[in-house]
Every structure is written in structure tokens, then in C-alpha cells.
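Architecture at a glance
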Amino acid sequence: MTVAVLPMNIQDSFVAPETPPKLEVFTERHLERIEQLNRLDEQTRFEMKVVASVLPFRVNRYVIDHLINWENVPDDPIFALTFPQRDMLEPEMFEQMAQLHRDQAPKAEIQALAWKLRHQLNPHPAGQMELNLPMVDGKVVEGVQHKYRETALFFPSQGQTCHSYCTFCFRWAQFVGDKDLKIASKEADKLLAYLAEHPNITDLLMTGGDPMVMKTKHLAPYLEGMLAPKLAHLQTIRIGTKALSFWPYRFVTDPDADELLDWFTRLTDSGKHVAVMAHINHYREMQTPVFREAVRRIRATGAEIRTQSPLIKHINDDAAVWEKMWREQVRLGMIPYYMFVERDTGAKYRFEVPLARAYEIYRDAIRKVSGLARTARGPSMSAGPGKVEIQGVAEVHGEKVFVLRFIQGRNPEWAQRPFFARYSETATWLHELTPAFGEKRFFFEDEFEQMKRSRGLAMLDTAEVGA
Ligand SMILES: *Cc1c(COP(=O)(O)O)cnc(C)c1O
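Note that the structure is a prediction, hence the values are computed from the model and not measured.

**Topic: the overall build of the chain**
In terms of helices and strands, the chain carries 15 helices and 15 strands. For 467 residues, the compact-globule formula gives about 23 Å, and the C-alpha radius of gyration of the chain, at 22 Å, lands near that figure. Principal-axis analysis of the C-alpha atoms places the extent of the chain at approximately 60 × 55 × 50 Å. The buried share of the chain, taken over its 467 residues, is 59%. Considering only contacts within the chain whose residues lie at least 6 apart along the sequence, 74% involve residues at least 24 apart. Summed over its atoms, the accessible surface of the chain is roughly 20,200 Å², and 49% of this surface lies on carbon and sulfur atoms. Charge centroids of the chain, computed over 59 positive and 62 negative side chains, lie 2 Å from each other.

Shown next as C-alpha cells:
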């Protein structure tokens, strides 16, 4: 058996391979074909199969051979990031599914249970389906979410997968084949019409899945459309992607890599800001020569690279990891942007970190880096009412409190307003916090309830409302 030598020497410079590497992916049907897994025992492989029948699993050969240190499995952070683990499901859920596999139950039965379990895992956190679907001419514009005034999210239908999947993914429900849980778009025209009608929108965030799985020729109509004079108000095109980590060849040796970078250049030349929003969870993803070459080539187009990641137990719940990651990012010319709190969905049972601990990790890491890396905000919860940041822990008249603020609010007026919650060692999400100083409700709660009521009723007859 061959085992990749890791980590690569970060001084190595990129040497283009003779033939461009082709993406080779493995899913739950191909676990047997991943030879590195042979070093794990039978039980562990069975557990992987059980979990992978509920939650999405997909990994590619680049990740297996160049990012995972197989000497360090199962503790290796990139292994934890990509391969299913037993405690991604709560014990009862795991046991139910494990039993079906032990009994060699028919596929239909496994799928039926998988469907049922997924619906117990809060597949659409923060009201993604019900609250954020925008309308043109009284019809829902598929594939667009517009939650914050300045920024619209767009999910191109061909970008609803990734080069590998993250075990903790909060958009996992999009990848498991339940059509009714997908948020996707069919076409560019409606998106462009919606943007044209909304002069407030300065930022478009193309996301997924990963729009960088799309062929450049499929991205071109969107990018071309954004150059139109009627979209002059659109200043920034953000592209949310994990391709830099999972498939950096997308920007280096893929047959349409140059064409993609030409589009970036065209957009920046026309005065748009192109921001690659790179999802990077661990500095280990940044150590291969091809990663660095991809960063260099993207930056040469005039595009910026901003970085974001959730804080995840077993993967990066360590201030030293963030410190090193942010330091390295700045060195490579990337701009740290967000540290997120893992959302209340999917495999949170395994991955969630208490808010108090998340804050300490953020604080300890940010104290050690230069001001140029302190552009990372967080830890931030993308919750129903908005993005809420834990700014600190304080004691006010003898009461220990979290100091919070909205980075973004469903009502733009909420942004920047500080508020206070009773300190908790164990809370992992906004809805587990209670207001400090004996208050009954947080300042935004009544208004948010009101919004949900009016929006919810308006949506019921027009949109498919998520579970
Ligand atoms: C985070 C987020 C955005 C972008 O917000 P910024 O603070 O501008 O980065 C837009 N829409 C949604 C739904 C988001 O969660």
C-alpha cells in the first residue's frame, strides 16, 4: 500500500504535471476502493458506511493523497473534515441505521429511514427556506436568497455539489438527493432581473455547493451579465468556494482554468471587485505547492481572496491552529474574514463547540497575530435574526455576561447594536442564550416574531415551505 508523504515541504514550488490531474471522487458506494482505509479496523469502516447512508459523503483523490496524514488517522483534522465518523449521529439514530445494515435490509428501507432521520437534523437552519426567498412579479426567484439588504446569495443549479464534502457542512441537505430540500436556480436571466430591480444590492455572493465545480462556460453567462450597465450598482462579486483547498487545480491546470481567470480579470478591469471567499478550516489545507500556485494566480487577476471557516470540534478547536492559519493567510496575501460558530444542524452532535469556548479560542488566536490578521470577525452565529458576534465576556454589577452585537441584522437597524446575554458555559447557539439583567426578551425578538409571521403567511401559498 502506498501512503502519501505528508505534510509536503512548504518550500516546494509548484511544478506543473505533464498531464493535468483529473478529479477522481469517491462516495459511500466506493469506500472499499479507498486503499488507505484498509488500515482502519472493520468496525470503523462499518460505522462510516452507516453514517454515510444518512449524511452526504464525497472525497477526492487529491484530498486523500495530499491533505490527509494517514499516519495520524483518525485524529488527523483533514480526515475528520472529510470522512464520516460514528458520533456525527446521535447514538439512537446511529443504532437504528446500523441495525438495518446489520440485517442487510433492502435499499428502499435504508433510504426511507435516512429520509426520516435527515428531517430530524434541522436540515434548513435559520429559516433559510421560509424567510429568504425573493420575488419578481409575485413569483419566487429560484436559487436566490436575499436576507441582508446589500448582499444577495445565489445558488447556481450546476454548482450544487463540491469537489469533496465537509463532514460538518450546514448545507448538507442540498447534497442528499431530497429534491424538496434543495435551493437551486435554473437560469441566469431571472437572477439578473432580480439584481437589476434592486439597486440596494451591491454584493452578489455566488455560493452552493461550490460554484467552482462549474465549467467556466457555464459560469460565463452569469459573469457576462454582471458587466451590463443596468447592474452598475453591483460592485462586488463574491464567489464562495472550497476549491482552493479541495481542488486547487481548478485555478491552475484544469482545461478551463485560464478561461476562468480571464473572467476574473475582465471583471476587475471593468471596475468590479471580485472576492474569492475561500473556505479554509485548517492551515494544513494551505501547504501544498498547488494551493500556493492557485492563490498566486487568482491574485494576479486583481481578485482578492478572503477566508472564512467555522470553528469545529475535532478539526480546529484550538487557538494555535487559527493563529497559524491566519498568519499564513496574510503571508500569502489572503484576508481573514469570518470565524463562524458551527450551525445548529446536521452533524452538530459531533462538531459543536460551546460559545464560551469559541470566544476564548478566537480571543487567544487574535491576540497573537498582527493587525492585518485581525480583520477576522467572530465568533459569529448566522442565526435567523442575523449574524450575531460574541464580542466578549464581561461582568456588570456582579453579573457575568456575554457582550454580543449584530454584524448583520434582518432589520439593518440592528447592526452594530450591542446587547447582553447571561453567561453560559454550555450554550452553543443563540436560542440557548437568555437576556442578561433580568430582561424578558432580547431587543430584537418581538420584531423578528412579527417578521416571521407576516413573511411566513405570505410565502405559504407561493413557495414550497421547507420542513
Ligand atoms: C453572511 C451572509 C451574507 C453576507 O454578509 P456580510 O456580512 O456582508 O459578509 C449575506 N447573506 C447571508 C444569508 C449571510 O448569511
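What follows continues from the structure just given.
**Some words on the nonpolar core**
Phe-83, Met-226, Leu-244, Phe-251 and Trp-326 are the most contacted members of the largest nonpolar core, which has 118 residues in total. Summarising the domain contributions, this core has at least three residues from each of domain 1 (25-118) and domain 2 (352-467). If we ignore the near neighbours within four places in the chain, the residues touching Phe-251 are Met-212, Ala-243, Leu-244, Ala-257, Leu-260, Leu-261, Ala-294, Arg-297 and Ile-298. Val-341, Ile-390, Phe-406 and Leu-433 belong to the second-largest nonpolar core, a separate cluster that totals 23 residues.

**Thoughts on the site of the ligand**
The full set of residues close to the ligand is Lys-147, Tyr-148, Thr-151, Leu-153, Arg-238, Tyr-337, Tyr-338, Lys-387 and Gln-408. Residue Tyr-337 places a side-chain N or O atom 2.6 Å away from an oxygen atom belonging to the ligand. In the model, an oxygen atom of the ligand is placed 3.1 Å from a nitrogen or oxygen of the Gln-408 side chain. Notes on the ligand: free accessible area 390 Å², of which the protein chains cover 89%. Judged by its atoms lying within 2 Å of the grid points, the ligand is housed in the largest pocket. Elements with a contribution of two residues or more to the shell around the ligand: strand E5 (144-148), strand E6 (151-154) and strand E11 (335-341). Among the residues forming the shell around the ligand, the class breakdown is four nonpolar, two polar and three charged.

**Regarding the packing of aromatic side chains**
Applying the stated criterion across every chain yields a total of 25 aromatic pairs. Ring geometry for Trp-326 against Tyr-362: centres 6.0 Å apart, planes inclined by 75°, an arrangement best described as edge-to-face. One end of the pair, Trp-326, is in helix H12 (residues 319-331); the other, Tyr-362, is in helix H14 (residues 355-366), with 36 residues separating them in the sequence. A relative accessible area of 2% means that Trp-326 is categorised as buried. Residue Tyr-362 is classed as buried on the basis of its relative accessible area of 12%.

**Observations concerning the environment of Glu-109**
Locating Glu-109 in the fold gives a position in helix H5 (residues 107-119). For Glu-109, a relative accessible area of 41% gives the class partly exposed. Put simply, Glu-109 and Met-97 are twelve residues apart on the chain and 9.9 Å apart in space, counted from C-alpha to C-alpha.

**Remarks on the environment of Leu-234**
Inspection of the secondary structure assignment puts Leu-234 in the loop between helix H8 (216-225) and strand E8 (236-241). Along the backbone, Leu-234 and His-273 are 39 residues apart, and their C-alpha atoms lie at a distance of 9.2 Å. Beyond its immediate chain neighbours, meaning those up to four positions away, Leu-234 contacts Leu-195, Ile-201, Thr-202, Asp-203, Leu-204, Met-226 and Lys-272.

**A short note on the packing of helix H1 (residues 42-52) against helix H4 (residues 91-102)**
Closest axis-to-axis distance for the H1/H4 pair is 9 Å, and the angle between their directions is 110°. Between H1 and H4, the angle falls in the class roughly perpendicular. Listed contacts from H4 to Phe-46, Glu-47, Lys-49, Val-50 and Val-51 of H1 are Phe-94, Met-97, Ala-98, His-101 and Arg-102. In the contact of H1 with H4, the residues fall into six nonpolar, one polar and three charged.

Definitions and limits used
- Residues numbered from 1 in each chain as written.
- Predicted model: local features only at pLDDT ≥ 70, side-chain atom pairs only at ≥ 80, totals over all residues.
- Heavy atoms only, no water.
- Helix = DSSP H or I, 4+ residues; strand = E, 2+ residues; numbered from the N terminus.
- Rg over C-alpha atoms; globule rule 2.2 N^0.38 Å.
- Buried < 20%, exposed > 50% of the residue type's maximum accessible area, 1.4 Å probe, protein only.
- Contact = heavy atoms within 4.5 Å.
- Areas by Shrake-Rupley, 256 points an atom, 1.4 Å probe, with all protein chains shown as cover.
- Lys, Arg positive; Asp, Glu negative; His and termini not counted.
- Charge placed at Lys NZ, Arg CZ, Asp CG, Glu CD.
- Core = buried A, V, L, I, M, F, W, Y, C linked by side-chain atoms within 4.5 Å.
- Domains from an automatic or database assignment.
- Near = heavy atom within 4 Å.
- Polar contact = N/O pair within 3.5 Å; in protein donor to acceptor, adjacent residues only side chain to side chain.
- 1 Å grid on protein atoms, 1.4 Å probe; cavity = no way out; pocket = protein on both sides within 12 Å on 5 of 7 lines; lining within 4 Å.
- Sits in = over half its atoms within 2 Å of the grid points.
- Nonpolar A, V, L, I, M, F, W, Y, C, P; charged D, E, K, R; others polar.
- Phe/Tyr/Trp six-rings, centres within 6.5 Å; stacked < 30°, edge-to-face > 60°.
- Axes fitted to C-alpha atoms, helices over the stretch in contact; angles between N-to-C directions.
- Parallel < 35°, antiparallel > 145°, perpendicular 65-115°, else oblique.

None of this, on its own, says anything about what the molecule does.
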